[in-house]
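# Working through the structure, step by step
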Amino acid sequence: MSYRENAQDDNITSNISVVAPPPSAGKQSPPVATGCDGQSVLKRLQSELMSLMMCGDPGISAFPEGDNIFNWKGTITGSKDTVYEGMIYKLCLSFPTDYPFKPPKVKFETACFHPNVDVLGNICLDILQDKWSSAYDVRTILLSIQSLLGEPNNESPLNTQAAALWINQEEFRKMVEKLYKAA
C-alpha cells in the first residue's frame, strides 16, 4: 500500500513501516529506521507528510516514493509573474538518518535553466547547506525553492550562463522554455 493511499487514514503511523529492500547490484540500500533515533526520524517525516498534505499551499507537493519514507518525490509550479509561471518541476528529496539535524539532499529531476541550479539538478540554496536549521521542514524547503525560481541569488551561481543571461528576461525566458520543452 502506498503512502498516498494511506494519506486519508487517521491512523497513518500504524500503517507505515520502513523496510530495506534486498540489496541489488550497483544500488545502495535506503536507510532503515532503527532504535530511538530512527523512530524519531520516522515520526518526524510522517508528521511532515500529514502537515504538507493539510497545508494546501499552491504549487507545491511531495510524497514518499513507494514505501521508502526517506526518499520523496516533489513538485513545484513556477510562481505567477516569473519566467517559470505555470511550469511544473519534479524534485527528488533524500533524507538522511539524522534528519532534521542534517538537511535532505534535494535535486531537480526536471531540467531547469536557473542561475542556482546546475545541469545535474543540484541546487545552491543556503538553507540546504550552511543555513540549515532543524526548524525547517519539507514545506519550507519547497516554498524556498519555489521562491528561488523567481528570485535567484546571482552572487552564488551554479550556472554562470543562466546568471549572465538573467538581466535579459526575454532571452532568459526563451532558454527556460527551450530546456523545459526538451525535458
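Residues numbered from 1 in each chain as written. Predicted model: local features only at pLDDT ≥ 70, side-chain atom pairs only at ≥ 80, totals over all residues. Heavy atoms only, no water.

The omega angle of the peptide bond from tyrosine 99 to proline 100 is 10°, so this bond is cis rather than trans. Although it is not a glycine, aspartate 81 sits at a positive phi angle of roughly 65°. Position of aspartate 81 among the secondary structure elements: in the loop between β2 (68-77) and β3 (88-94). (Helix = DSSP H or I, 4+ residues; strand = E, 2+ residues; numbered from the N terminus.)

Here the UniProt feature "active site" (unreviewed entry) sits at Cys124. The topology assignment puts cysteine 124 in the loop between β4 (105-108) and α4 (138-150). Residue classification places cysteine 124 among the buried residues on the basis of a relative accessible area of 16%. Those residues within four positions of cysteine 124 in sequence are excluded, and the remaining contacts are Asn116, Gln129, Leu148, Ser156 and Leu158. (UniProt positions renumbered as here; feature names shortened; annotations may be inferred. Buried < 20%, exposed > 50% of the residue type's maximum accessible area, 1.4 Å probe, protein only. Contact = heavy atoms within 4.5 Å.)

Mapping asparagine 154 onto the fold places it in the loop between α4 and α5 (160-165). Contacts of asparagine 154, omitting those with residues within four sequence positions, involve Pro115, Ala163 and Trp166.

Another point: the nonpolar core. Counting 40 residues, the largest nonpolar core has Trp72, Phe108, Ile123 and Ile145 as the members making the most contacts within it. Contributions of two or more residues to this core are made by α3 (35-55), β1 (60-65), β2, β3, β4, α4 and α6 (169-182). If you tally residues by element for this core, the top one is α4, at six residues. (Core = buried A, V, L, I, M, F, W, Y, C linked by side-chain atoms within 4.5 Å.)

All right, on to the sheet that holds β2 then. Spatially, four strands are ordered β1-β2-β3-β4 in an open sheet, and the strand pairing comes out antiparallel. The open sheet has two edge strands, β1 and β4, and neither has a second partner. Each strand axis lies, on average, 25° off the axis of its neighbour in the sheet, ignoring direction. Inspection of the sheet shows β1 paired to β2 by six bridges, in the antiparallel sense. Of the residues in β2, the one forming a bridge with isoleucine 60 is isoleucine 76. Packed on one face of the sheet, α4 meets β1, β2, β3 and β4 and runs near 130° to β1. (Pairing = 2+ DSSP bridges. Axes fitted to C-alpha atoms, helices over the stretch in contact; angles between N-to-C directions.)

What sets the pattern is the α-helix's 3.6 residues per turn: residues three or four places apart point alike. Over its 13 residues, α4 extends 19 Å from the first C-alpha to the last, a length consistent with the 18 Å expected when each residue adds 1.5 Å. Considered for burial, the residues of α4 that qualify are Val138, Ile141, Leu142, Ile145, Gln146, Leu148 and Leu149. With its buried residues spanning 160° around the axis, α4 presents them on a single face. (Expected span 1.5 Å × (residues − 1). Arc of directions from axis to C-beta.)

Inspection of every chain in the model, using the stated rule, returns ten aromatic pairs. Between tyrosine 84 and tyrosine 89, the ring centres sit 6.0 Å apart and the planes meet at 70°, which makes this aromatic pair edge-to-face. A single burial state applies to tyrosine 84 and to tyrosine 89, both of which are buried. Between phenylalanine 113 and phenylalanine 172, the ring centres sit 5.1 Å apart and the planes meet at 45°, which makes this aromatic pair tilted. In this pair, phenylalanine 113 sits in the loop between β4 and α4 while phenylalanine 172 sits in helix α6, placing the two residues 59 residues apart along the sequence. When sorted by exposure, phenylalanine 113 lands in the same class as phenylalanine 172, which is buried. An aromatic cluster of three or more residues is present, and its members are Tyr84, Tyr89, Phe108, Phe113, Trp166, Phe172 and Tyr180. (Phe/Tyr/Trp six-rings, centres within 6.5 Å; stacked < 30°, edge-to-face > 60°.)

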